[in-house]
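What follows is the residue order along each chain.
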Amino acid sequence: MMERRLAASELALEPEQVEEEEESAAEDFVEYYDEPGTIPGTLDLEEDALPPTIVLIDYNETKASRVVLDSPAACAPYLDSESVSWVDVMGLGNESTWRRMEKVFDLHPLVLEDVVNVPQRPKVEDHEDQLVIIARMVIPKEKGIGFHSEQVSFVLGKHYLLTVQEEPEQDCFQPVRDRIRHDKGIIRKRGADYLAYSLIDSIIDGYFPVLEAYGEQIDQLEDEVVTQPTRRTLEKIYQIRRELLALRRAIWPQRDALNSLIRDGSDLISPDVRIYLRDCYDHAVQVMDIVETYRELSSGLMDVYLSSISNKMNEIMKLLTVISSIFIPLTFIAGVYGMNFNTEKSPWNMPELNWYWGYPLCWATMIATAAGLVVFFWRRGWFENYSTLKDD
Amino acid sequence: MMERRLAASELALEPEQVEEEEESAAEDFVEYYDEPGTIPGTLDLEEDALPPTIVLIDYNETKASRVVLDSPAACAPYLDSESVSWVDVMGLGNESTWRRMEKVFDLHPLVLEDVVNVPQRPKVEDHEDQLVIIARMVIPKEKGIGFHSEQVSFVLGKHYLLTVQEEPEQDCFQPVRDRIRHDKGIIRKRGADYLAYSLIDSIIDGYFPVLEAYGEQIDQLEDEVVTQPTRRTLEKIYQIRRELLALRRAIWPQRDALNSLIRDGSDLISPDVRIYLRDCYDHAVQVMDIVETYRELSSGLMDVYLSSISNKMNEIMKLLTVISSIFIPLTFIAGVYGMNFNTEKSPWNMPELNWYWGYPLCWATMIATAAGLVVFFWRRGWFENYSTLKDD
Amino acid sequence: MMERRLAASELALEPEQVEEEEESAAEDFVEYYDEPGTIPGTLDLEEDALPPTIVLIDYNETKASRVVLDSPAACAPYLDSESVSWVDVMGLGNESTWRRMEKVFDLHPLVLEDVVNVPQRPKVEDHEDQLVIIARMVIPKEKGIGFHSEQVSFVLGKHYLLTVQEEPEQDCFQPVRDRIRHDKGIIRKRGADYLAYSLIDSIIDGYFPVLEAYGEQIDQLEDEVVTQPTRRTLEKIYQIRRELLALRRAIWPQRDALNSLIRDGSDLISPDVRIYLRDCYDHAVQVMDIVETYRELSSGLMDVYLSSISNKMNEIMKLLTVISSIFIPLTFIAGVYGMNFNTEKSPWNMPELNWYWGYPLCWATMIATAAGLVVFFWRRGWFENYSTLKDD
Amino acid sequence: MMERRLAASELALEPEQVEEEEESAAEDFVEYYDEPGTIPGTLDLEEDALPPTIVLIDYNETKASRVVLDSPAACAPYLDSESVSWVDVMGLGNESTWRRMEKVFDLHPLVLEDVVNVPQRPKVEDHEDQLVIIARMVIPKEKGIGFHSEQVSFVLGKHYLLTVQEEPEQDCFQPVRDRIRHDKGIIRKRGADYLAYSLIDSIIDGYFPVLEAYGEQIDQLEDEVVTQPTRRTLEKIYQIRRELLALRRAIWPQRDALNSLIRDGSDLISPDVRIYLRDCYDHAVQVMDIVETYRELSSGLMDVYLSSISNKMNEIMKLLTVISSIFIPLTFIAGVYGMNFNTEKSPWNMPELNWYWGYPLCWATMIATAAGLVVFFWRRGWFENYSTLKDD
Amino acid sequence: MMERRLAASELALEPEQVEEEEESAAEDFVEYYDEPGTIPGTLDLEEDALPPTIVLIDYNETKASRVVLDSPAACAPYLDSESVSWVDVMGLGNESTWRRMEKVFDLHPLVLEDVVNVPQRPKVEDHEDQLVIIARMVIPKEKGIGFHSEQVSFVLGKHYLLTVQEEPEQDCFQPVRDRIRHDKGIIRKRGADYLAYSLIDSIIDGYFPVLEAYGEQIDQLEDEVVTQPTRRTLEKIYQIRRELLALRRAIWPQRDALNSLIRDGSDLISPDVRIYLRDCYDHAVQVMDIVETYRELSSGLMDVYLSSISNKMNEIMKLLTVISSIFIPLTFIAGVYGMNFNTEKSPWNMPELNWYWGYPLCWATMIATAAGLVVFFWRRGWFENYSTLKDD
């Protein structure tokens, strides 16, 4: 950040993106961008940041070793050996590390920019003797639904694979590391391209548990939305739609990237690894399918929600109407016999008041009226609907 | 499952998908996925499961025999003979069976994975001397609408066809078996490719009865939604939309697979079977068409539902308004003559109370007011709408 | 049907589609399907049905004759002559007729199935020396809007055209027959391909009057939906949407079929007839266009309907609010002076009752209150909206 | 029309389209269609109609002349000269004129039909030595928004251009005529293809003023829909959607036609005119863009309308609720003290009535109740919303 | 404008677009159009306008100079030199300037028209030795969200780049100018194509801050729409949708233009600049992605808004129903004992009035009734919802 702010002042631009860190939701969508006019290849890193952890795993069919490196330069001897060297950089670190990395791996300035200035859109770029793959890994949240996403960049060479992770804490590569260490499966018999496939496969498969959590959430909302739709339900539906949109934006370009990897694949990927990638592509298509399906379901939920709310209003209105309709006429009758016309002035003035059965007859009239109205509403089935209201 | 959990612990991953079995609705949508990082080719089977039933039907133009096999190895002699051998595996069984199967049929590890780790997305894969087809069979529910779906995998070789069904109980292949047994049609005169076509055709045609049930359900909802829309109606519409979505996800890739089978068809499929497959493709397109049409209809139903609910609310409001509007003024009049102004203090204080015709005049006023309001509402046609409410 | 049920029992399947005939609306959408597993080429006809009417029109530039044939076999001599032979089969008849037809015209079993087992999706299939076209003819209903649709199948050979109509009653081919009889236009100078074009053109042009009826209906609904939306309006809109969906499903594949006819056209169609077909294709595109436009309009109508209903509710609510707001305060005032506080116990107890001008003042208060409220509502323009309600 | 009805009777068809002229809105959408089965090339013209006005403008670099012709035959000498001849036919006239025209210009019967039987879908057809372009010109209404549309057909030959306008009254070609007359720009230096371009460019540019009017209308509705949505607003929104649909149907095929003109352009169009057409194509794309944008805006307006109506209802309901909630409890209190329990029978019977401060205390209670409720509603901000209602 | 009005009068057209300047919102959408029939190449400029500011920056690897030019002619000597000449024209100026520019740069009349008659749709056109790029620059508003957009045209030659900006005030090119001046990055080592890339990259990156502002606005609306939706919220949502539509229309063709630049790129762009352009294209795709995502979010917000409004109405209705339902029965009871039946005439006439505990019993009844209703509503959870209403 330090370095970037310096650059900004040199360029005489207002530092208007300084508060960028505070927004949380918007960041899901706006990818990394240079301030307009920045020199291509500028890295947006804080110079005083700690250097990243660099782990080198070097293996061939017979042996596998794991070294934690102090400096990028220490990689150099491994890169040209026949054994597969996996250089795993965890955390983005500071600019000086990357300038040295640039030299050791002979990276194009734009590649360096894509790797470091996260987030970038997933893609595949073929740079003659290097294949650059930008991918996006999702990690489900510890509790509740939702996910945290992180960019993973791959630079695949003849005998080496450089991977760069945004955050040092978590990844989904442990099983692959164990397979290398314990020589499980065929990974030790294959080259760096198979390693790259294995890692990408882990990333794609990592989308399924996240999707499964959304599936359960949608199932649960399907009940909630019909039986007791509240404002909270509405928020949850919107939240799911929003996050599915973010997932879709992550997986869609990844699918395209895998497709171009299979189709116009470079020499760095051997034909039988391509078969494995096709399998991986199938999984990406499945992820897309599920995301689209969930999007349609959640959009249907919104319709159901609106209908449910209208239904509720009908029930409320019915209750009001029933009560009002029954008591308003009765109150009118009571009002009539509360009038003070002088019965002594005329035999026509409220003779009912002086009848022997006046009061009981008045009650009889009121009860009959009420009963008539109850029957009227009963026949239209208003009370049935009312009883369905009960079992909420 | 046993085996899988072992693998999970070896890989030091949380067994977070253990409760997966409980969800029912979500499973329609989330396809099978390996835990991220699993070795490609891992089979997710319980080692103590019973072995699957393996039935071999071997036929040529002159004879047909049916054998229930104990072990995959027993298939071997049939596979290279000139007669057509249909190896029908019912149920997924345990891993050891499949490891032997792998050897007998010389299956690629990824093919084995697709066949066993269900559900997979329908597809066609060409593996030189084998054609692998993943299909999805639907079986209508015994009662009510809805369906149960099951993966059927085909491995087509030169003289044999291996089919693998997820569940041993039910399939839609009986008519084909009968045609082979009784030598009906041309099936005995053709090769394994025609057999594969016949089975795929059965699967595709199996979608029609399911769709027909939805068609009837939609017809019925069309009435219900206008005449008496209830919360139950809403649930049914949403349910149909959801299931049509599932059907669409099953048929769409199957159509694509059939298309690629016809277009870039391997040598394993003879040109005149390709003509039959074109017919089968036409049917798949029809299924898609109907599914899309039903989706549009059910989405239209949701609009109608919402409008209907609003209509109902209007009727309820009208009733409340009519009753309130008629009785509130009357109650006011009764209230006026219930006031206790002292008529003796002033000739201006409620002289009506002492008139000879006071009470009858009061009633006359009230009746006139009520009649006026009734006429007012009558003229606006409120009672007409009200009578349409009656014939619900 | 007889024959089909036999087949069903042989195949040990439940005859679950027997009640199929009763549904009316769903049948618009579900195309014909064999029971899953049926032998390809099975015909679904009743053996005891009457044979179809077969009319043969044979013509060349100099003469034209019309013969009603007893049996398909009677066609044979005409088919190879140089003159154009139009064999028009009206009604589907029974299986034995078709088995003979199959031989006379040398039909592929799948073609026969497409022709007889209606409805099929419109399509074009090229069978070397025969071109098979499945089309769908619409016939407007005698009264009201709506249409009846019927499959017409064409088998075009070098010098003959076989057409098969589903129902014997009605078609739109009479003008073409007249043009042949009276030698109008160039039809007698051209071959069977031009005849096929003329008939297809009649079929496509037959969609326009049907669409025109929908156009008028939509025009009429546009008024109705704003001025007096009723439940009936809602049903009509949904009905139109449903029928336009059916029309769209009929015309869409027909347009595609025409397109493939022009593009990869077989040798059976001469280049200058292809120009005429291009014109016909243009018309099919126009039909599609209009159908899509009407679909958008009717979907807009649904929005307008919902808004209109809400508007109505607002008017009703306003009326209720006006009446309640005016009379509830008045009733309160009347209630106050109906209280029985003892005026003799205290000069503070309702002295108004004993005032000389008490009662008139009370009325004045009430009238002032009512007037104030009327002015209040007047200023907000509620009565204006109310007067617009009047001119419904 | 005369001639057509004759044809109809000959063909023994019901003249069911006679009332076609009355509908106004539907005609925007249904294109011209022959009665099903009509002979291709039949012209739908009234024989007793006046002949069209035929104006011939003949020019080359050095001179330009304008002649009003009596008869199509008079064109003949001009057509083969090296100078550019623009034959502008205004009005469709009668059939005999067109039969002569057919000979003079050597038109294909289907071309003649497209030119005369309006409206046709815009398209380009290449007839070897003639290029036929069907376009649709829009002319804004004199007052208010909306437009009148008219077909213009172009037949482009080597040295001539035939244009046919549906109506003689109005066109947007005057500026082009002036440019020819006054030799402005390069028009006199170029051939008939440049003339065709100039006229098509005028037609496409003629869409912009129409669109601008819709833009203003939408701007205006955007205010109206939020501040005072009435039923009239709803009608206007629907009207705009409908007319934009009509515009879209006019411009869409025109864009496609221009595209095919540029791409597979015939020899009749020189390469540098093709550059001009590319510019014209860009404009057509812009028109499409704007139409689509307006369609989205107007569809958004419908949503806003519905929300606005619901908002209004909320305000009305709030008013009713406030008034009812305040006065109903007060009326209850008044009702209590209007009861006639005999105070003399028991000290518990309504002793309040005989209290010295009874009546003032009663008022105090009522005022306190009302004040409490007002404060309650005030705190929830209901009066704020109410004041926003005021500034409508 | 002056010049244009002259032209209009010459062409005898009504000057109906004169008031064009007043509309503000519509102008976002309607691109520049000539009055129909205008001569191609007509420039719409005011002859008395000030000439534009022309700044020439000429640089090569060793030196860089900046000159403000008086006249276009002064550029001529620089254009053919080996050094890169950037001619930056700020403001559109008057026609005479452009006529001289046309000669100096040898511009095609249609290119000149595209450059001057703004706004045009972004595009790329290849004119042999010149590459013309029309782009659209967005500049965020000083305060609040929203943006101002401006056309920037590029004419790229072998050794020069002509850029034309619509407004002289603001641009986003300052950082590029600084990079040239201070020789930062590789810009001084590259040709005019790299300069063009740098400027286009600045333009595309300029979209991100604008989008970020919308992202924040949407975040904020997401809260507002659920907790306190007002009419203002509705306006804001609509406003965002409208502006995103405008952004989309700006970026979409720009992305296409970049794509065609990379794909069929002319000789004027060297292969390694094409790699940079690919990066720039990626950014344009990201902008598109974000715009589409925001459009979906804002469209979802509209749904949430409508649901929220309905929710509010439910709460209001519930309050009304609760208050009415409780007090209406109580008022009825009070009304009953306000009746005046003569207790002396009959022991059945309201004996309650004379009971010793009459009045307390009456209160007890009323309190029990009210309590019963409160419990009834409590159990249905109406008060819970009511308390959620409180925390608005």
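Residues numbered from 1 in each chain as written. Chains lettered and ligands numbered in written order. Predicted model: local features only at pLDDT ≥ 70, side-chain atom pairs only at ≥ 80, totals over all residues. Heavy atoms only, no water.

Draft legend 1. Local environment of the pattern of salt bridges. Tallying each qualifying case throughout the model produces 110 salt bridges over all chains. D303 of chain C is paired through a salt bridge with R241 of chain D; the nearest N and O atoms lie 3.6 Å apart. Placement of the pair is D303 of chain C in helix 9 (residues 271-336) and R241 of chain D in helix 8 (residues 231-263), with the two residues belonging to separate chains. Residue E224 of chain D pairs with K236 of chain D through a salt bridge whose shortest N-O separation is 3.2 Å. (Salt bridge = Lys/Arg side-chain N within 4 Å of Asp/Glu carboxyl O. Helix = DSSP H or I, 4+ residues; strand = E, 2+ residues; numbered from the N terminus.)

Draft legend 2. Inspection of the interface of chain E and chain D at higher detail. In this assembly, 73 residues from chain E lie in contact with 76 residues from chain D. Both sides of the chain E and chain D interface together cover about 6,800 Å² of buried area, and 63% of this is carbon and sulfur. Across the pair E296 of chain D and R248 of chain E runs a salt bridge, and its minimum N-O distance is 3.6 Å. Counting across the interface, chain E meets chain D through 19 residue pairs in polar contact (both at pLDDT 80 or more). Elements represented by at least two residues in the side of chain E that touches chain D include exactly helix 4 (109-116), strand 4 (123-127), helix 8 (231-263), helix 9 (271-336), helix 10 (358-379) and helix 11 (382-390) of chain E. The biggest single contributor to the side of chain E that touches chain D is helix 9 of chain E, with 18 residues. In terms of residue class, the side of chain E that touches chain D is built from 42 nonpolar, twelve polar and 19 charged. (Contact = heavy atoms within 4.5 Å. Buried area = accessible area lost by both parts, 1.4 Å probe. Polar contact = N/O pair within 3.5 Å; in protein donor to acceptor, adjacent residues only side chain to side chain. Nonpolar A, V, L, I, M, F, W, Y, C, P; charged D, E, K, R; others polar.)

Draft legend 3. Expanded view of the pairing of strand 5 (residues 130-140) of chain E. Residues and elements named next belong to chain E. Counting buried positions along strand 5 yields ten of eleven residues, so the element is predominantly enclosed. The sheet contact formed by strand 4 and strand 5 spans five bridges and is antiparallel. Within strand 5, the residue paired with K123 across the bridge is I134. Between the end of strand 4 and the start of strand 5, which pair antiparallel, lie two residues, with E128 showing a positive phi angle near 55°. Two elements, strand 5 and strand 6 (residues 147-156), share ten bridges in a ladder whose sense is antiparallel. Residue pairing across strands places V138 opposite S149, the latter belonging to strand 6. (Buried < 20%, exposed > 50% of the residue type's maximum accessible area, 1.4 Å probe, protein only. Pairing = 2+ DSSP bridges.)

Draft legend 4. Molecular detail of the relation of the copies chain E and chain D. Once chain E has been moved 0.1 Å along the axis and rotated by 72°, it coincides with chain D to within an RMSD of 0.1 Å. Put plainly, the chains are arranged around a five-fold axis. When each C-alpha of chain E is compared by its distance to the rotation axis, G338 of chain E comes out closest, at 4.6 Å. Taken together, the interface assignments show that only 15% of the residues at the interface of chain E recur at the interface of chain D, consistent with different surfaces on the two copies. (Least-squares fit on C-alpha atoms with pLDDT ≥ 70 in both.)

Draft legend 5. Broad picture of the interface of chain A and chain E. Residue-level contacts link 73 residues of chain A with 76 residues of chain E. Summed over both sides, the interface of chain A with chain E buries roughly 6,800 Å², with 63% coming from carbon and sulfur. If you sort the residues of chain A by the area they bury against chain E, R231, Y238 and Y359 of chain A come out on top, with a joint share of 11%. Taken together, the connections running from chain A to chain E amount to nine salt bridges. Applying the counting rule to chain A against chain E returns 19 residue pairs in polar contact (both at pLDDT 80 or more).

Draft legend 6. The arrangement of the side chain of R295 of chain E in detail. Tracing the chain through its elements places R295 of chain E in helix 9. A residue is classified by how much of its surface remains accessible, and R295 of chain E, at 17% relative accessible area, is buried. Ignoring any residue separated from it by four or fewer positions in sequence, one finds R295 of chain E in contact with E296 of chain D together with L244, L245 and R248 of chain E.

Draft legend 7. Here's a closer look at the UniProt feature "transmembrane region" (unreviewed entry) in chain A. This chain's UniProt record puts "transmembrane region" (unreviewed entry) on residues 319-337 and 357-378 of chain A. With 95% helix and 0% strand, residues 319-337 of chain A has its two end C-alpha atoms placed 28 Å apart. (UniProt positions renumbered as here; feature names shortened; annotations may be inferred.)

Draft legend 8. Main features of the environment of P229 of chain D. Residue and element names in this part refer to chain D. For P229, the position within the fold is in the loop between helix 7 (207-227) and helix 8. Between the alpha carbons of P229 and T42 there is a distance of 50 Å; along the sequence they are 187 residues apart. Residues within four places of P229 in sequence aside, it is in contact with E224, Y305, S308, I309 and K312.

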